[in-house]
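Single-letter residue listing:
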Amino acid sequence: MLQNSASSQIGAAGSDPLLNKVSAFRDACWRFLRPHTIRGTALGSVALVARALIENPNLIKWSLLLKAFSGLLALICGNGYIVGINQIYDIGIDKVNKPYLPIAAGDLSVQSAWFLVIFFAVTGLLIVAFNFGPFITSLYCLGLFLGTIYSVPPFRMKRFAVAAFLIIATVRGFLLNFGVYYATRAALGLSFEWNAPVAFITAFVTLFALVIAVTKDLPDVEGDRKFKISTLATKLGVKNIAFLGSGLLLLNYVAAILAAIYMPQAFRRNLMIPAHVILASCLLFQTWLLERANYTKVILATCCTLGMW
């Protein structure tokens, strides 16, 4: 009897119109954030923070944990602003290329989307300004500015393949890595200093960002051509850009293996070499699958989302 009563209560809650609306809005907000883009931001940030702490274990304090968490939250807010503003100005294109996104699907109103992107921008800026000083705040503002001109008219730099390529690589590559490492050392009371591992992480993630910039439009060729958006994929063809992206990413993994071989004093060979051999093998396998599937839109979108690129 108790089990039946509990089931009835769950069923009643599940049919509650208010709860259903809240659940639907939460799901739309999560899709609006483009979760797979957060993954890259979080992984790159954690790697550089961990590197700075490993180099200076005597300076680690529990108070740094809260600061690190606030920094990650600010980066997620910045990411949310950039991907959100893009969706607001790309509704027509997304209805062709990505009809599952919340605004294009009608699951999130434009007014709600504007509220979210303003909230992300203001929250991120306040967190950075109060915790990381004027220099990091200026880098954060630069990232938001580049993300804005990428999507917003009259600039709308995404229309131009090279400009779009450079903006994505700068924001997701250099600015993110340099800013995180600089902020972490500042929090430890240290001046900025390059070394081989940090240079490697920055170069690796920057090249990864270049690959994202090159390949992100592969599933979107149909809508981009319709709305006259010039991308490398529309200019050079899907297959050629897919091979280019795979080649650059393979170069990244090979460079990591060579760095471990020739600089054993800076890198752990027993970790670096097997890890990047496995990643390179997975990349070659996925490239083979793409070739067999004849570069269909579905598998291209899957590869981009899962992180092949």
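Reading the values: rules and limits
Along each chain, residue indices are assigned from 1 in the same order as the chain's sequence is written. Under the rules for a predicted model, residues below a pLDDT of 70 receive no local features and side-chain atom pairs below 80 are neither given nor counted, while totals for whole chains, interfaces and linings still include all residues. The basis for the side-chain values is all heavy atoms of the structure; hydrogens and waters are excluded. UniProt positions are given in the numbering used here, feature names are shortened, and annotations may be inferred rather than shown by experiment. Comment: elements are numbered from the N terminus, with helices defined as DSSP H or I runs of at least four residues and strands as E runs of at least two. Working rule for helices: expected span equals 1.5 Å times residues minus one. Exposed residues in this analysis have more than 50% of their type's maximum accessible area, buried residues have under 20%, and partly exposed residues fall in between, with area computed by a 1.4 Å probe over protein chains only. Between N or O atoms, a polar contact is any pair within 3.5 Å; within protein, one atom must be a potential hydrogen donor and the other a potential acceptor, and residues adjacent in sequence are included only when both atoms are from side chains. Domain boundaries shown here were taken from an automatic or database domain assignment. Note on definitions: buried area is the accessible-area loss of two parts on being combined, 1.4 Å probe, summed for both. Lys, Arg, Asp and Glu make up the charged group, whereas Ala, Val, Leu, Ile, Met, Phe, Trp, Tyr, Cys and Pro make up the nonpolar group; the residues left over, Gly among them, are polar. A pair of aromatic rings is counted whenever rings of Phe, Tyr or Trp (Trp by its six-membered ring) have centres within 6.5 Å, and the orientation is called stacked for planes under 30 degrees apart, edge-to-face for over 60 and tilted otherwise. What we call a nonpolar core is a set of buried Ala, Val, Leu, Ile, Met, Phe, Trp, Tyr and Cys residues that are connected through their side-chain atoms within 4.5 Å. Helix axes are fitted to C-alpha atoms over the stretch in contact, other axes to C-alpha atoms as well, and angles between N-to-C directions run from 0 to 180 degrees. For this classification, under 35 degrees means roughly parallel, over 145 means roughly antiparallel, 65 to 115 means roughly perpendicular, and everything else is oblique. Left-handed describes a crossing whose near helix is turned anticlockwise from the far helix through less than a right angle; right-handed describes the clockwise counterpart. The contact definition used throughout considers only heavy atoms, calling two residues in contact when any of these lie within 4.5 Å.

Where an unreviewed UniProt entry is consulted, the protein chain appears under the name Homogentisate phytyltransferase, with the organism given as Citrus sinensis. Entered under Sequence similarities (unreviewed entry) in the UniProt record, the comment concerning the protein chain runs "Belongs to the UbiA prenyltransferase family." In its Subcellular location (unreviewed entry) section, the UniProt entry covering the protein chain states "Plastid, Chloroplast membrane".

Student: What's the story with helix α9 (residues 196-215) in this structure? I'm lost.
Tutor: One turn of an α-helix holds 3.6 residues; hence residues three or four places apart share an orientation. In this model α9 runs 28 Å from its N-terminal to its C-terminal C-alpha over 20 residues, within 8% of the 28 Å that 1.5 Å per residue would give. Counting buried positions over the 20 residues of α9 gives 14, a clear majority of the element. Looking at where α9 begins, the residue whose side-chain oxygen comes 2.9 Å from the main-chain nitrogen of Val198 is Asn195.

Student: It is not clear to me how the domain arrangement of the protein chain should be interpreted in this structure. Could you clarify?
Tutor: By a widely used convention, the size of an interface equals the accessible area lost when the partners come together. For the protein chain, the assigned domains read domain 1 (25-194) and domain 2 (217-308). Summarising the inter-unit geometry, the C-alpha centres of domain 1 and domain 2 are found 22 Å apart. Together, the buried faces of domain 1 and domain 2 total about 1,200 Å²; carbon and sulfur atoms form 54% of this surface. The interface formed by domain 1 and domain 2 includes one residue pair in polar contact (both at pLDDT 80 or more). Of the residues contributing to the side of domain 1 that touches domain 2, the split by class is four nonpolar, three polar and five charged.

Student: Honestly, the packing of aromatic side chains in this entry has me stumped. Any pointers?
Tutor: What describes a pair of aromatic rings is the distance from one ring centre to the other and the angle between the planes of the rings. Taken as a whole and judged by the stated rule, the model has 15 aromatic pairs. For the pair Phe200 and Phe267, a centre-to-centre distance of 5.3 Å together with 70° between the ring planes defines the contact as edge-to-face. Here Phe200 is found in helix α9, whereas its partner Phe267 is found in the loop between α12 (238-262) and α13 (269-292), with 67 residues between them in sequence. Exposure remark for Phe200: the relative accessible area of 18% places this residue in the buried category. Assessed through its relative accessible area of 9%, Phe267 is described here as buried.

Student: What is the right way to look at the nonpolar core in this model?
Tutor: Where a protein is soluble and globular, its nonpolar side chains tend to be buried together. Counting 36 residues, the largest nonpolar core has Phe32, Tyr81, Leu108 and Phe120 as its most contacted members. For this core, the elements supplying multiple residues, two or more each, are α2 (17-32), α4 (63-89), α7 (110-151) and α8 (161-187).

Student: I would appreciate a short explanation of the packing of helix α3 (residues 35-55) against α4 in the present structure.
Tutor: Each packed pair of helices is defined by two parameters, the angle between the axes and the distance between the axes. Contact geometry of α3 with α4 gives a least axis separation of 10 Å together with a crossing angle of 150°. One finds that α3 runs roughly antiparallel with respect to α4. The element α3 and its partner α4 pack so that their crossing is right-handed. Contact with α3, carried on its side by Thr37, Ile38, Thr41, Ala42 and Ser45, involves Leu72, Leu75, Ile76, Asn79 and Val83 of α4 and no other residues of that element. In the contact of α3 with α4, the residues fall into six nonpolar, four polar and no charged.

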